[in-house]
Amino acid sequence: MYKIRKAKELAANIYLMDVEAPRVAKHCLPGQFVIVKVDETSERIPLTICDYDSENGIVTIVFQPVGASTLKMKNLKAGDAFEDFVGPLGQPSDLTKEDPKELKKKNIVFVGGGVGTAPVYPQIKWLHEHGITADCIIGARTKDLIILEEEMKAVSHLYLTTDDGSYVRKGMGTDVLRDLVVNQGKKYDLCIAIGPMIMMKFVCLLTKELGIPTVVSMNPIMVDGTGMCGACRLMVGDEVKFACVDGPEFDGHQVDFDLAMKRQQMYKTEEGRAKLFFEEGQTHHGGCGQC
Ligand code: NAD
Ligand code: FES
């Protein structure tokens, strides 16, 4: 069992939990995810890691309840425990594999949207620990939905924006990025966008136009997170990839977002899953044959 050390509501319907998971905390790197299971009957939920403390064996997760299992999860309190907490899974961010000396020469900008702000945090924190302070644009629908503002400020040059203009400025993360590059003359060598699929798609359209290489996190299309269900199949250039095994991070300019979003919708119904299996044949899944 994996004990919850701290549980709190960060914003309306967005929850943070610190979980005692020493083995995961010791080995995880930014970009990786865990699979949690509340109890024996609950679904497996893949969640990108928001923070980790290797010394104290703590992993921090942030989630937004959307289905039965995440709704059950939000009722857990400090002192309760998860039945399962598996990880770290997926590939660490490419940033962590680069020579920090080379990284220091790069101007990096992050674009985080809503709950997608949480997985941005370990990356900018890791960069900060390696002497690099990146620019970070965070967009949320309203002021009340901005999370981790102080934490982000401590490790990045933070730009906040809200869709409705209730805090700092009005507009989306893409508006801020365009403003920084086009009007303020900022030059970026790399953009990392993490948030809703639609946001990542539009960030990529903009960065293509601006000539900025861009990485996206395809965590939103994962279901079981083990390479077995086939839900997270996506096209990256002309290659078939699975977000949970080959990613979650990919070259955003190569990702077919329209196909990924269409699959995401189809995967929600039994009929849709059967159709995907029929159309995609052998490359549909990792081999479980369950769908
Ligand atoms: P949301 O719908 O409130 O959107 C958050 C922000 O994204 C918006 O405020 C806006 O700034 C930006 N955005 C949305 N559409 C955009 C567009 N067309 N162009 C530019 N920017 C746009 O999201 P939410 O409810 O906070 O978060 C839920 C979503 O986040 C889910 O879809 C979930 O899958 C996703 N998520 C993604 C990751 C990841 O690793 N990529 C991690 C956690 C959550
Ligand atoms: Fe099921 Fe990747 S989430 S195969």
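Note that the structure is a prediction, hence the values are computed from the model and not measured. (Residues numbered from 1 in each chain as written. Chains lettered and ligands numbered in written order. Predicted model: local features only at pLDDT ≥ 70, side-chain atom pairs only at ≥ 80, totals over all residues. Heavy atoms only, no water.)

Asker: Which parts of the structure should I look at to understand the pairing of strand 13 (residues 233-236)?
Answerer: Remember that side chains alternate between the two faces of the sheet whenever the strand is regular. Both faces of strand 13 are covered, namely the face carrying R233 and M235 and the face carrying L234 and V236. Pairing analysis gives four bridges linking strand 13 to strand 14 (residues 239-242), with the strands arranged antiparallel. Paired with M235 across the strands is V240, a residue of strand 14. Between strand 13 and the antiparallel strand that follows it, strand 14, lie two residues; G237 among them carries a positive phi value of about 65°. (Buried < 20%, exposed > 50% of the residue type's maximum accessible area, 1.4 Å probe, protein only. Helix = DSSP H or I, 4+ residues; strand = E, 2+ residues; numbered from the N terminus. Pairing = 2+ DSSP bridges.)

Asker: What is the right way to read the confidence of the model for the chain from this model?
Answerer: When pLDDT is averaged along the chain, the result is 91, and 96% of the positions lie at 70 or above. Confidence, expressed as mean pLDDT per element, reaches its minimum in the chain at helix 10 (residues 270-280) with 74 and its maximum at helix 6 (residues 173-183) with 98. Taken together, the stretch residues 286-291 has pLDDT below 50 and engages in eight contacts with residues farther than four places along the chain or on a different chain. (pLDDT = per-residue confidence, 0-100. Contact = heavy atoms within 4.5 Å.)

Asker: Help me understand the site of ligand 1, please; the structure alone is not making it clear to me.
Answerer: Taken together, 24 residues are adjacent to ligand 1, and V115, A140, R141, D163 and S217 come closest. At 2.9 Å, a side-chain N or O of D163 approaches an oxygen atom of ligand 1. Between ligand 1 and the protein, one listed contact pairs a nitrogen atom with a backbone N or O atom of G195 at 3.2 Å. Summarising the interface, the protein chains cover 80% of the accessible area of ligand 1, which totals 860 Å² for the free molecule. When residues of the shell around ligand 1 are traced back to their parent elements, those giving at least two are strand 9 (135-140), helix 6 and helix 7 (197-210). It is helix 7 that contributes the most residues to the shell around ligand 1, four residues altogether. (Near = heavy atom within 4 Å. Polar contact = N/O pair within 3.5 Å; in protein donor to acceptor, adjacent residues only side chain to side chain. Areas by Shrake-Rupley, 256 points an atom, 1.4 Å probe, with all protein chains shown as cover.)

Asker: Would you take a moment to explain the environment of K26 for this structure?
Answerer: Looking at the element boundaries, K26 is found in helix 1 (residues 22-27). Through-space distance from the C-alpha of K26 to that of G57 is 6.8 Å; in sequence the pair is 31 residues apart.

Asker: Looking at this structure, I do not really get the pattern of salt bridges. What am I missing?
Answerer: Once their charged atoms are close, side chains differing in charge can pair, the charge on each being opposite to the other. Tallying each qualifying case throughout the model produces 14 salt bridges. Here K125 ties to D51 by a salt bridge, and the two come within 2.9 Å at their closest N and O atoms. Highlighted residues: K125 in helix 4 (residues 117-129) and D51 in strand 4 (residues 45-53), separated in sequence by 74 residues. Look at D51 and you get buried, because its relative accessible area is 17%. Two residues, D258 and K201, come together in a salt bridge whose shortest N-O distance is 2.8 Å. Of this pair, D258 sits in helix 9 (residues 257-266) while K201 is found in helix 7, placing the two residues 57 residues apart along the sequence. Residues joined in a network through salt bridges with shared partners are E149, E150 and K153. (Salt bridge = Lys/Arg side-chain N within 4 Å of Asp/Glu carboxyl O.)

Asker: Would you mind showing me how to read the nonpolar core here?
Answerer: The tendency in soluble globular proteins is for nonpolar side chains to be buried side by side. Counting 54 residues, the largest nonpolar core has I61, M73, F82, F85 and F110 as its most contacted members. It is helix 4 that provides the largest number of residues to this core, a total of six residues. Apart from residues no more than four positions distant in its own chain, I61 is found in contact with Y15, L16, M17, V19, V34, V36, L47, C50, M73, F82 and F85. Membership of the second largest hydrophobic core comes to 34 residues, among which are M197, V216, C232 and V255. (Core = buried A, V, L, I, M, F, W, Y, C linked by side-chain atoms within 4.5 Å.)

Asker: Whenever I open this one, the sheet that holds strand 15 (residues 249-251) confuses me. Can you help?
Answerer: Through backbone hydrogen bonds, the strands of a sheet pair up, either in parallel or in antiparallel fashion. If you walk across this open sheet you meet the six strands as 10-9-8-11-12-15, and the pairing is mixed. Single-partner strands in this sheet number two, and they are strand 10 (157-162) and strand 15. Neighbour-to-neighbour, the strand axes of the sheet open up by a mean angle of 20°, direction not taken into account. Relative to strand 15, strand 12 (residues 214-217) runs antiparallel, the two sharing three bridges. Each bridged residue has a counterpart across the sheet, and for V215 the counterpart in strand 15 is D251. (Axes fitted to C-alpha atoms, helices over the stretch in contact; angles between N-to-C directions.)

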